[in-house]
Amino acid sequence: MGQKVNPISNRLGIIRGWDSNWYGGKNYGDTLVEDTKIRKYLNARLAKASVSRIVIERTLKLITITVCTARPGIIIGKGGQEVDKLKEELKKITDKDVQINIYEVKRPELDAVIVASNIARQIEGKIAYRRAVKMAIASTMRMGAEGIKVQVSGRLNGAEMARSEMYKEGRTPLHTLRADIDYALVEALTKVGLIGVKVWICRGEIYGKKDLAPSFTNSKESRGGNNAGNGSKKGFKKQKSNR
């Protein structure tokens, strides 16, 4: 079961909260579609800002959007000009007032979305996928993760037949619901087709009751830098499967 279910949705309501927090009522469908449009737009608009998560909270007349990013300086711009521009653009999607909070991800190496995006961008830049994966695994383990698992699938190295390769280090217990496992799937668009990159990162185990409401302590609109690091080589377990 743990292999089939998305590890994030599997832990919703246990150790993980929802990314959209609002009461839908009769307009549930329209609100859901609007949320999807906002996320799609922001992910495309802020593609270079290493966005890991977009949390949307709604009240009657206000939408609060919290963007979790490893590079807040790119989103904010000089004196917060970019944030104001972003607010105006989002008002065209929705007819409500928009408030944007920027939350800096202190350790991007422990965020599955950012790690997967980095690997995918490197594969698009014609860097050998094995090297990209091993560097990502090394830097994640060095930052104190309990384990990481990376699977790349598709026409690897331009091969005629698609295949999957998996690289592991440490432990990623998918069945253990108290294990804080972050998961992401990112696609790399190469000349020979799409290559899928899946990343599972185990950040330890959470004991006791966790507050599931989104609380971002250093939510701020201030400048920040990029902390992404490259890793050194370690020993890996490698699994190969032909499809």
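Scroll up for the structure.
Residues numbered from 1 in each chain as written. Predicted model: local features only at pLDDT ≥ 70, side-chain atom pairs only at ≥ 80, totals over all residues. Heavy atoms only, no water.

### Things to note about the nonpolar core
Ile119, Ile123, Val150, Val152, Val197 and Val199 are the most contacted members of the largest nonpolar core, which totals 26 residues. Apart from the residues lying within four places of it in its own chain, the contact partners of valine 199 are Ala112, Val115, Ala116, Ile119, Ile148, Lys149, Val150, Asp182, Tyr183 and Ala184. Residues Leu46, Val51, Ile65 and Val67 belong to the second largest nonpolar core, which totals 18 residues. (Core = buried A, V, L, I, M, F, W, Y, C linked by side-chain atoms within 4.5 Å. Buried < 20%, exposed > 50% of the residue type's maximum accessible area, 1.4 Å probe, protein only. Contact = heavy atoms within 4.5 Å.)

### Let's talk about the sheet that holds strand E2 (residues 51-58)
Sheet architecture is open: four strands sit in the order E1-E2-E3-E4, paired in mixed fashion. The two strands at the open ends of the sheet, each matched to only one other strand, are strand E1 (20-21) and strand E4 (97-104). Of the strands in this sheet, E1, E2 and strand E3 (62-69) are in contact with helix H2 (residues 28-45), which crosses E2 at around 150°. Here helix H4 (residues 81-93) sits on the sheet and contacts E3 and E4; the angle it forms with E4, its principal contact strand, is near 135°. (Pairing = 2+ DSSP bridges. Helix = DSSP H or I, 4+ residues; strand = E, 2+ residues; numbered from the N terminus. Axes fitted to C-alpha atoms, helices over the stretch in contact; angles between N-to-C directions.)

### What about helix H5 (residues 112-124)?
In a regular helix each residue adds 1.5 Å, so 13 residues correspond to 18 Å; H5 covers 18 Å between its end C-alpha atoms and thus fits that length. For H5, every residue scored as buried is listed here: Ala112, Ile114, Val115, Ala116, Ser117, Ile119, Ala120, Gln122 and Ile123. If you follow the buried residues of H5, they end up packed against E2, helix H6 (129-142), strand E5 (147-154), strand E7 (179-190) and strand E8 (193-205). Its side-chain oxygen at 3.2 Å from the backbone nitrogen of valine 113, aspartate 111 defines the N-terminal cap of H5. Phi for lysine 126, located one or two positions after H5, is positive at around 65°. (Expected span 1.5 Å × (residues − 1). Polar contact = N/O pair within 3.5 Å; in protein donor to acceptor, adjacent residues only side chain to side chain.)

### Quick look at the pairing of E3
Within E3, seven of the eight residues are buried, leaving the element largely enclosed by the surrounding structure. With eight bridges connecting them, E3 and E4 associate as parallel partners. Paired with valine 67 across the bridge in E4 is isoleucine 102.

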